[in-house]
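Analysis of the macromolecular model
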Amino acid sequence: MNSQTDKRLIAGPAGAIECAIDVPADGLAPRGLALICHPNPTQGGTMDNKVVQTLARAFVHLGCRAVRFNFRGIGKSEGGWDEGRGEIDDALAVLTALREPGEPLLLAGFSFGGYVASQAALRLAEDQKAQRLV
């Protein structure tokens with residue numbers, strides 16, 4: 001998204017997951033974590049999709065840490081397409097790896113990513129629930 005984007009690989013259920021993390025530029029502590037899921041990878045969806053990047057930019061402007069990631073088999077993420085099942089597991093793995101204890105959570109997604117975000121939201125424990133779903 002910009003030159004300050006932190007790109008890293010984290011451990012996922014099907015191998016490494018490629019992530020991109022953006023933080024507010026003002027130096028203040030982020031107000032929460034916004035996890036953004038991309039459109040269907042079988043139709044060219046990636047974390048660099050323009051809608052996903054626009055969501056990330058909006059969350060950063062709101063003071064959140066914005067995390068985008070590539071589902072399994074896309075970009076540097078390992079594994080292969082799992083018809084939505086494994087992709088939900090990917091989103092939960094990213095949350096487990098990058099969310100700070102007690103950190104407020106916003107889940108977002110575009111198209112197929114909206115489905116993944118909604119299903120991930122249903123799997124979170126009551127004390128880990130998202131404050132918003134976009």
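Nothing here was measured: the structure is a model prediction, and the numbers come from that model. (Residues numbered from 1 in each chain as written. Predicted model: local features only at pLDDT ≥ 70, side-chain atom pairs only at ≥ 80, totals over all residues. Heavy atoms only, no water.)

**Quick look at the environment of Ile 36**
Rules: Here a strand is any run of E in DSSP of at least two residues, a helix any run of H or I of at least four, and the numbering for each starts at the N terminus. Each residue gets one of three labels from its accessible area relative to the maximum for its type: buried under 20%, exposed over 50%, partly exposed in between, using a 1.4 Å probe on protein chains only. Contact definition: two residues touch when any of their heavy atoms are within 4.5 Å.
Along the polypeptide, Ile 36 turns up in strand β3 (residues 33-37). Classification of Ile 36 by relative accessible area gives buried; the value is 0%. C-alpha separation for the pair Ile 36 and Pro 13, spaced 23 residues apart in sequence, amounts to 18 Å. Apart from residues lying up to four places away in sequence, Ile 36 is in contact with Val 52, Leu 55, Ala 56, Phe 59, Ala 66, Val 67, Arg 68, Phe 69 and Ala 108.

**What about the nonpolar core?**
A general tendency of soluble globular proteins is for nonpolar side chains to be buried together. Here is the rule we go by: In this text, buried Ala, Val, Leu, Ile, Met, Phe, Trp, Tyr and Cys residues form a nonpolar core when linked through side-chain atoms within 4.5 Å.
Counting residues in each nonpolar core, the largest one holds 25 residues, and the members touching the most others are Leu 35, Phe 69, Val 94, Leu 95 and Leu 107. The biggest single contributor to this core is helix α2 (residues 85-98), with seven residues. Residue contacts for Leu 35: discarding those within four places in its chain leaves Val 67, Phe 69, Ala 91, Val 94, Leu 95, Leu 106, Leu 107 and Ala 108. Within the second largest apolar cluster, eleven residues are counted, among which are Ala 34, Val 60, Ala 66 and Ala 108.

**Some thoughts on the pattern of salt bridges**
Heads up, the rule is: The rule for a salt bridge is simple: a side-chain nitrogen of Lys or Arg has to be within 4 Å of a carboxyl oxygen of Asp or Glu.
Tallying each qualifying case throughout the model produces eight salt bridges. A salt bridge links Arg 72 to Asp 90; the nearest nitrogen and oxygen atoms lie 2.8 Å apart. Here Arg 72, found in the loop between β4 (65-69) and α2, pairs with Asp 90, found in helix α2; they are 18 residues apart in sequence, far enough to count as distant. For Arg 85, the salt bridge identified is with Asp 82, shortest N-O distance 3.3 Å. One network of salt bridges, in which partners are shared, links Asp 22, Asp 48 and Arg 68.

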